[in-house]
Amino acid sequence: MAALTVKELASLLSVLSEDATQAQTFESLANTFHHYFTNKQDNFKVGQAIVLLLQHRDLLPHPAQKLAAIFILYEMYKSDAVAANPFATVFLNLLQDPSERKEQNPYDMHSTIPPVSAPERYFLSNLISGTSKEMLKNTAAQILHMDVSGKAPVDISQTQLFIVQRQSEMPHTSKMAMSCVVADPETKPTRPLNFSFEQFGKPNKINPDIQRQTVESLLTGPKCAVDHTLRPEFLRLAPPLHIAEDEMVWMMPTDTEFNVAWDTTMCMNTSTVVEVRRLMAKAFKSVLSPQQQQQIKTELDTDSKLVYSIGLSPAKLPDLVEKNPLVAIEVLLKLMNSTQITDYFQVLVNMEMSLHSMEVVNRLTTQVELPSEFIHLYISNCISTCETIKNRYFQNRLVRLTCVFLQSLIRNKTIDVKDIFIEVQAFCIEFGSIREAAALFRLLKSLDSDKEPAGAGR
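Residues numbered from 1 in each chain as written. Predicted model: local features only at pLDDT ≥ 70, side-chain atom pairs only at ≥ 80, totals over all residues. Heavy atoms only, no water.

As named in an unreviewed UniProt entry, the chain is CCR4-NOT transcription complex subunit 11, taken from Aplysia californica. Per UniProt, the chain carries the Sequence similarities (unreviewed entry) text "Belongs to the CNOT11 family." (UniProt positions renumbered as here; feature names shortened; annotations may be inferred.)

Asks: Explain the confidence of the model for the chain to me, using residue names and the numbers behind them.
Replies: Taken as a whole, the chain shows an average pLDDT of 78; of its residues, 79% reach a score of 70 or greater. Across residues 103–109, where pLDDT falls below 50, the model places 17 contacts with residues more than four positions away in sequence or in other chains. Contacts for the low-pLDDT stretch residues 453–458, under 50 throughout, to residues beyond four places or in other chains number 0 contacts. (pLDDT = per-residue confidence, 0-100. Contact = heavy atoms within 4.5 Å.)

Asks: Give a description of the nonpolar core that names residues and reports values.
Replies: By size, the foremost hydrophobic cluster in this structure holds 64 residues, and its most contacted members are M280, V331, L348 and I379. Broken down by element, this core gets its largest block of residues, 8 residues, from helix α19 (residues 392–411). The residues touching M280, leaving out its near neighbours within four places in the chain, are I296, I310, L320, V327 and V331. Core analysis: the next-biggest nonpolar cluster, separate from the first, contains 59 residues, L67, V90, I143 and I163 among them. (Core = buried A, V, L, I, M, F, W, Y, C linked by side-chain atoms within 4.5 Å. Buried < 20%, exposed > 50% of the residue type's maximum accessible area, 1.4 Å probe, protein only. Helix = DSSP H or I, 4+ residues; strand = E, 2+ residues; numbered from the N terminus.)

Asks: Before we move on, could you go through the environment of I296 and cite the residues and values that matter?
Replies: You can see I296 is positioned in helix α13 (residues 290–302). Ignoring any residue separated from it by four or fewer positions in sequence, one finds I296 in contact with L279, M280, L288 and V327.

Asks: How would you summarise the packing of aromatic side chains if you had to cite specific residues and measurements?
Replies: By the definition in use, this model includes 9 aromatic pairs. Summarising the aromatic geometry, the rings of F26 and F123 are spaced 4.6 Å apart at their centres and angled 20 degrees between planes, so their arrangement reads as stacked. Residue F26 is located in helix α3 (residues 26–36), and its partner F123 is located in helix α7 (residues 118–129); the two are separated by 97 residues in the primary sequence. Taking the relative accessible area as the measure of exposure, F123 reaches 1% and is therefore buried. Seen in terms of ring centroids, Y393 and F394 are 5.4 Å apart; in terms of plane orientation they differ by 75 degrees. Their pairing is edge-to-face. The class of Y393 is exposed, set by a relative accessible area of 59%. (Phe/Tyr/Trp six-rings, centres within 6.5 Å; stacked < 30°, edge-to-face > 60°.)

Asks: Let's hear about the environment of T342: which residues, and what values?
Replies: The residue T342 is located in helix α16 (residues 341–350) in this model. By relative accessible area, which is 52% here, T342 ends up exposed. Sequence separation between T342 and F374 is 32 residues; the distance between their C-alpha atoms is 9.5 Å.

Asks: Break down helix α5 (residues 63–75) for me, with residues and values.
Replies: If you check α5, its first and last C-alpha atoms are 18 Å apart, about what 13 residues at 1.5 Å a residue would give, namely 18 Å. For α5, the tally of buried residues reaches 13 of 13 residues, placing the bulk of the element in the interior. (Expected span 1.5 Å × (residues − 1).)

Asks: Account for the pattern of salt bridges, naming residues and giving values.
Replies: For the structure on display, the rule yields 11 salt bridges. With its nearest N and O atoms 4.0 Å apart, the salt bridge here joins E330 to K334. Of this pair, E330 and K334 both sit in helix α15 (residues 325–334), 4 residues apart, which is roughly one turn of the helix. What makes E330 buried here is its relative accessible area of 15%. Residue K334 is classed as partly exposed on the basis of its relative accessible area, which comes to 22%. In this structure, R435 engages E436 in a salt bridge whose closest nitrogen and oxygen atoms are separated by 3.7 Å. Relative accessible area serves as the criterion here: at 66%, R435 is assigned to the exposed category. Members of the salt-bridge network, linked through shared partners, are K297, D301, E330 and K334. (Salt bridge = Lys/Arg side-chain N within 4 Å of Asp/Glu carboxyl O.)

Asks: Describe the environment of F374, with residues and values.
Replies: Secondary-structure assignment places F374 in helix α18 (residues 372–388). Taking the C-alpha atoms as reference points, F374 and V349, 25 residues apart in sequence, are found 7.0 Å from one another.

Asks: Can you break down the packing of α5 against α7 residue by residue, with the values?
Replies: In the contact formed by α5 and α7, the axes pass within 11 Å of each other and the chain directions differ by 15 degrees. Considered as vectors, α5 and α7 are oriented roughly parallel to each other. Judged by the twist between their axes, the crossing of α5 over α7 is right-handed. Residues P63, L67, I70, F71 and Y74 of α5 form the contact with α7, whose participating residues are E120, F123, L124, L127 and I128. (Axes fitted to C-alpha atoms, helices over the stretch in contact; angles between N-to-C directions. Parallel < 35°, antiparallel > 145°, perpendicular 65-115°, else oblique. Left-handed = near helix turned anticlockwise from the far one by under 90°.)

Asks: Outline helix α11 (residues 208–219), listing residues and values.
Replies: The end-to-end C-alpha separation of α11 is 16 Å, in line with the 16 Å expected for 12 residues at 1.5 Å each. Within the span of α11, buried status applies to Q211, V215, L218 and L219. All buried residues of α11 lie within an arc of 80 degrees about the axis, which places them on one face of the element. Facing away from the buried surface of α11 by more than 90 degrees, the exposed residues are D209 and Q213. Tucked into the core, α11 has its buried residues touching α1 (6–15) and α4 (43–55). Looking one or two places after α11, you find G221, whose phi comes out positive at around 85 degrees. (Arc of directions from axis to C-beta.)

Asks: Hey, could you go over the packing of α18 against α19 for me, with residue numbers and the actual values?
Replies: At their nearest, the axes of α18 and α19 sit 9 Å apart, and the two run at 155 degrees to each other. Between α18 and α19, the interaxial angle falls into the category roughly antiparallel. Between α18 and α19 the crossing geometry is left-handed. Facing I375, Y378, I379, C382, T385, C386 and E387 of α18, the residues of α19 in contact are Q395, L398, V399, T402, F405, L406 and L409. Looking at side-chain class alone, the contact of α18 with α19 contains 10 nonpolar, 3 polar and 1 charged residues. (Nonpolar A, V, L, I, M, F, W, Y, C, P; charged D, E, K, R; others polar.)

Set out below in structure tokens:
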């Protein structure tokens, strides 16, 4: 990637200056940015520069500058789907709640960006969901002072799923890199995310000359930092240069006795792989006949490694679940020992709730031991879907499905009732007028009363 010119860097820093980000609205910032950068081909290198600035607190010291930089990352690709934005993983990482944020992966450069506050996450979630039109009339400082404690969170689960699906299709080596720029460790107490300017005052001032020189040395010139990252290298053993004095004897053979070396893989019938791939391609689009489903199951049972060659990816799993859930179950069972099974679980738990997805999850729980976190997350997704759907007919139908599904999990002792008791009990009370919900409630109460010691109610 080409480095920024000194003029381009000066333009970018003027857009992200402390005065501009506090005084101008986001709409004004967008207009100013597009005035300086008219060529869309420059967007990626500008975005790479912004990400490097976000990774280091000293380069964008004021919170308003940081929020404006995140907005510019979105603004450059706002005409495309969010999942197609090359910096979508930045949004995905920042939207995580700091208390739930996993340990940072040192090989994922986007995970090194410091977390943001609740108002910033609320603004970003509105931004990528396309509901931020009115908020763009505010300045970054106004957003930072916004009280979001009573505001309903924006549902961006579908967008997050699309981003995860797009990332899962990329090879792991393309998602791993370590920046060659190492930040100076923070020695002073950091400001909490729920800060206020009145309580803590203005951010610490940094010598602007030193800051400018540092940014220029990192983002301009032939040694631009964004061009130099450490990535895992695919290593292959080099053939030895010299084995022995007679290593080239095979070019001029002198032996009169020869043994035939037969390649046992020659003329091997590869029609099985081709046929299964053909059936799987059809399974993503339409319902297979029972004979075709049985054929796939038989071939997978015969050769368990065949599952890696049938053209399935995490992004295609939802289509397979909806069209052919029985095939999806067989394929997932064969992938249990795969390193990519977590990606398939991630897609399955976030896909749209339906009878088929419940059937797949229920069958999996009866045949293999699934992670409890996955089951609990799927149950929460089912309950959330029932509570948010507007159509009363479909809501009642999904509630019935969910109740039957939960009863099956409880009766088969797939889950520990005490782990979900409060959440499921509240769900049953909310939809108590539905017969299946009432039956589930009675089941919970009966299990709860069985656990009480004798005489506890006296």
